[in-house]
Amino acid sequence: MHLRLPTSVSEAQRCLAEGAVPVGGATLVWATWQRDGFPDQAVSLREVPEANVLGPEELGAAVVLHRIDARVPEVLRRAAGAVGTGAVRRAATVGGNLVGSALRCLLPAALVLDARASVLGADGVHDTDLAEVVAKRPVLLSLRWRPPVASAYRKLPGDPGGPPPLVVASALHAEDAGPMRLRVAVRDGYDVLSESVVCGTDAGPALDALRATALGDAPAAAWQIVGEQATRLLSRPAGH
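Nothing here was measured: the structure is a model prediction, and the numbers come from that model.

Draft legend 1. Expanded view of the overall build of the protein. Looking only at helices and strands, one finds nine helices and 12 strands in the protein. The C-alpha radius of gyration of the protein comes to 18 Å, within 12% of the 18 Å expected for a compact globule of 240 residues. Overall, the protein is about 55 × 40 × 30 Å in size when its C-alpha atoms are taken along their principal axes. Taking all 240 residues of the protein together, 46% fall into the buried category. At a minimum sequence separation of 6, the contacts of the protein that also span at least 24 residues come to 56%. Considering the protein, the positive charge centre built from 24 side chains and the negative charge centre built from 25 side chains are found 5 Å apart.

Following this line, the structure appears as structure tokens:
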């Protein structure tokens, strides 16, 4: 297998046009390649600047999870820190997790940040939402979001070989004008539900409004965490 390392978006696009297979998610598909055969050529975005951004409002797809630190909102930092083992986090990338993994451990955090994605296609780079990223599995370049007022994340312990552990993520956002908005995402098994409600500083009405959405069917354990996070975020709307 010939690994190509483009240094620009245009060069990466040319590699894809020539049949190179993206290696995002390689930590997960390596066993499949060993069984079914390796592609003739693969492409990594690790030398493309747009795929390596890391800051309070953006995160590149080629960034390995162990590099994600306090420069990003708490919810995203904690989500990355809860993925696998240290060895996994030193190899796994943002793009591989969101596009190459069935678990998509970063997805709840990205959803509550209301993140937008930059993806690379045959016709160049375009912006899209996370629904397209999940459905079409494009070549992800980066994520961008508006910094939240505050955020929270919790992942319950899971059993080895068992179903994916329950995840609850939330973030409080300041609207351009008017009240704040609370976004909550729950991963239950392989399914991720995300909803948002306009809120004040009282968690009670916000939780009632959330229960009237699709999140109302989330398990009791999730709702306990949602309640704790909403209460904490709305009681101290400052910082990350």
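On we go.
Draft legend 2. Local environment of the packing of aromatic side chains. On inspection of all chains with the given rule, the structure shows zero aromatic pairs. Between Arg-211 and the ring centre of Trp-223, over which it is positioned, the NZ or CZ distance is 4.1 Å.

Draft legend 3. Just the packing of helix 8 (residues 203-211) against helix 9 (residues 220-235), in detail. With their axes 9 Å apart at the nearest point, helix 8 and helix 9 run at an angle of 140 degrees to one another. Considering the angle they form, helix 8 stands oblique to helix 9. Here helix 8 and helix 9 pass one another in a crossing that is right-handed. Two secondary-structure elements touch here, helix 8 through Ala-203, Ala-206, Leu-207, Leu-210 and Arg-211 and helix 9 through Trp-223, Val-226, Gly-227, Ala-230, Thr-231 and Leu-234.

Draft legend 4. Geometry of helix 8. The set of residues buried in helix 8 consists of Ala-203, Ala-206, Leu-207 and Leu-210. On an axial view of helix 8, the arc spanned by its buried residues comes to 95 degrees, and they lie on one face. Those residues of helix 8 hidden inside the fold are in contact with strand 11 (180-188), strand 12 (191-199) and helix 9. Two to three positions downstream of the cap, the backbone nitrogen of Gly-204 sits 3.0 Å from a side-chain oxygen, assigning the N-cap of helix 8 to Asp-202.

Draft legend 5. Spotlight on the side chain of Ser-142. In this structure, Ser-142 sits in strand 8 (residues 139-144). Contact partners of Ser-142, with chain neighbours within four places excluded, come to Glu-50, Val-53, Leu-59, Gly-60, Ala-61, Arg-116, Ala-117 and Ser-118.

Draft legend 6. Fine view of the sheet that holds strand 2 (residues 21-22). Read across the sheet, three strands follow the order 1-3-2 without closing on themselves; strand pairing throughout is parallel. Looking along the sheet, the strands with just one partner apiece sit at the ends: strand 1 (2-4) and strand 2. With three bridges joining them, strand 1 and strand 3 (residues 41-43) adopt parallel strand pairing. Bridge pairing in strand 3 links Leu-3 to Ala-42.

Draft legend 7. Quick look at the sheet that holds strand 10 (residues 167-174). Strand order in this open sheet of four strands is 9-10-11-12, and the pairing throughout is antiparallel. Single-partner strands in this sheet number two, and they are strand 9 (150-155) and strand 12. For this sheet, the mean inter-axis angle between neighbouring strands, taken without regard to orientation, is 10 degrees. Where strand 11 meets strand 12, nine bridges bridge the pair, whose relative direction is antiparallel. Following the sheet pairing, Arg-183 is matched in strand 12 by Ser-196.

Draft legend 8. Seen up close, the pattern of salt bridges. Applying the stated rule across the entire model yields eight salt bridges. One salt bridge connects Glu-228 with Arg-154, and the closest N-O pair in it is separated by 3.6 Å. Of this pair, Glu-228 sits in helix 9 while Arg-154 sits in strand 9, placing them 74 residues apart in sequence. Under the relative-accessibility criterion, Glu-228 is labelled partly exposed at 39%. Here Glu-175 makes a salt bridge to Arg-181, at a shortest N to O gap of 3.2 Å.

Cut-offs applied
Residues numbered from 1 in each chain as written. Predicted model: local features only at pLDDT ≥ 70, side-chain atom pairs only at ≥ 80, totals over all residues. Heavy atoms only, no water. Helix = DSSP H or I, 4+ residues; strand = E, 2+ residues; numbered from the N terminus. Rg over C-alpha atoms; globule rule 2.2 N^0.38 Å. Buried < 20%, exposed > 50% of the residue type's maximum accessible area, 1.4 Å probe, protein only. Contact = heavy atoms within 4.5 Å. Lys, Arg positive; Asp, Glu negative; His and termini not counted. Charge placed at Lys NZ, Arg CZ, Asp CG, Glu CD. Phe/Tyr/Trp six-rings, centres within 6.5 Å; stacked < 30°, edge-to-face > 60°. Lys NZ or Arg CZ within 6 Å of the ring centre and 35° of its normal. Axes fitted to C-alpha atoms, helices over the stretch in contact; angles between N-to-C directions. Parallel < 35°, antiparallel > 145°, perpendicular 65-115°, else oblique. Left-handed = near helix turned anticlockwise from the far one by under 90°. Arc of directions from axis to C-beta. Polar contact = N/O pair within 3.5 Å; in protein donor to acceptor, adjacent residues only side chain to side chain. Pairing = 2+ DSSP bridges. Salt bridge = Lys/Arg side-chain N within 4 Å of Asp/Glu carboxyl O.

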